[in-house]
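# Coordinates in review
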Amino acid sequence: MSLRDALLKSGAVSKKKVQQTNRELKKERKKKQAHREKKVVVETRQQQAEAAEKEARRQARLQARQESQAEASARGRALRVRHIVKGNAIQVRGGPVRFHHLDHERRLALKWNLPWSIAHGLRKGQYAIALLEQPYQEPEYVIIDRESALKVPSALLFFNEVPPPDEPEHALLEDCLS
């Protein structure tokens, strides 16, 4: 038996007063329950926000790692290309044939005096003109052989992959000299 029932039985309170108290208690319980539900909703939202923030941080770390790997890979490729070009460069000391090619920005036509054999090889696809870029230095143009040119197509400025059909030697010489 509850205290309310005992007070009602003894006549200390009326039935009407007990009902009113019950209604008030019921309202208070509903308020507390609503407050608890709001608290649960707030906690759920906080947990969702924390999870979203944690996922965003994870994504940012993943993206940073991928960018770092891509940058390292690009540096590695550039070093490999530079090594191949530099290691296979053919030294040329001028010559009677003037050979024209575009610069690395494809804006200016550059002239290069070459020996006839090198100019002939460039035309036939035996050699290629490659760009040797050095950090903080002017770009350098070098002649490399066909095998090296096929390995580093990104560094090439001039390369006849498909050489012209065989022509008499004197026609090539006239073509190069004109």
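Our subject is the structure that appears above.
To start, this report covers the structure provided alongside it. What you are looking at is a predicted structure, and each value in this text was computed from that prediction instead of being measured.

### Description of the overall build of the protein
Summing up its helical and strand segments, the protein has 5 helices and 6 strands in all. Traced from its N-terminal end to its C-terminal end, the protein shows the element sequence α-α-β-β-β-α-β-β-α-β-α. Buried positions account for 21% of the 178 residues belonging to the protein. The long-range share in the protein, meaning contacts at least 24 apart out of those at least 6 apart in sequence, stands at 52%. In the form shown here, the protein has an accessible surface area of approximately 13,700 Å², with 52% of it arising from carbon and sulfur atoms.

### Comments concerning the packing of aromatic side chains
Applying the stated criterion across every chain yields a total of 1 aromatic pair. When the ring of Phe-99 is compared with that of Phe-158, the centres are 5.1 Å apart and the planes differ by 75 degrees; the resulting orientation is edge-to-face. Note that Phe-99 is positioned in strand β2 (residues 97-102) and Phe-158 in strand β6 (residues 156-159), a separation of 59 residues in sequence.

### Here's the deal with the sheet that holds strand β5 (residues 140-145)
In spatial order, the strands read β1-β5-β4-β6; together these 4 strands make up an open sheet with antiparallel pairing. Two strands close off the open sheet at either side, each with one partner strand: β1 (89-90) and β6. Bridge count between strand β4 (residues 127-132) and β5: 6 bridges; the pairing is antiparallel. Residue Ala-130 lies in a different strand from β5, and its bridge partner there is Val-142. On the sheet, helix α2 (residues 15-87) packs against β1, β4 and β5 and is oriented at approximately 130 degrees with respect to β4. Packing of helix α3 (residues 116-124) onto the sheet brings it into contact with β1, β4, β5 and β6, and relative to β4 it is tilted by some 90 degrees.

### A closer look at the environment of Trp-112
Take Trp-112: it is sitting in strand β3 (residues 109-114). Taking C-alpha positions, Trp-112 is 9.9 Å from Tyr-141, a pair spaced 29 residues apart along the chain. Once residues lying within four places of it in the same chain are set aside, the contact partners of Trp-112 are Val-97, Arg-98, Phe-99, His-101, Ile-129, Tyr-141, Val-142 and Ile-143.

### Quick notes on the pattern of salt bridges
Going through the model one piece at a time under the given rule, you end up with 3 salt bridges. When the shortest N-O distance is used, the salt bridge between Arg-57 and Glu-53 registers 2.9 Å. Placement of the pair is Arg-57 and Glu-53 together in helix α2, with a separation of 4 residues, close to one helical turn. Accessibility expressed as a relative area gives 47% for Glu-53, which makes it partly exposed. Arg-75 serves as the salt-bridge partner of Glu-71, at 2.8 Å between the closest nitrogen and oxygen. Taken as a pair, Glu-71 and Arg-75 lie in helix α2 at a separation of 4 residues, close to a single helical turn. Classification of Glu-71 as partly exposed rests on a relative accessible area of 48%.

Reading the values: rules and limits
- Residues numbered from 1 in each chain as written.
- Predicted model: local features only at pLDDT ≥ 70, side-chain atom pairs only at ≥ 80, totals over all residues.
- Heavy atoms only, no water.
- Helix = DSSP H or I, 4+ residues; strand = E, 2+ residues; numbered from the N terminus.
- Buried < 20%, exposed > 50% of the residue type's maximum accessible area, 1.4 Å probe, protein only.
- Contact = heavy atoms within 4.5 Å.
- Areas by Shrake-Rupley, 256 points an atom, 1.4 Å probe, with all protein chains shown as cover.
- Phe/Tyr/Trp six-rings, centres within 6.5 Å; stacked < 30°, edge-to-face > 60°.
- Pairing = 2+ DSSP bridges.
- Axes fitted to C-alpha atoms, helices over the stretch in contact; angles between N-to-C directions.
- Salt bridge = Lys/Arg side-chain N within 4 Å of Asp/Glu carboxyl O.

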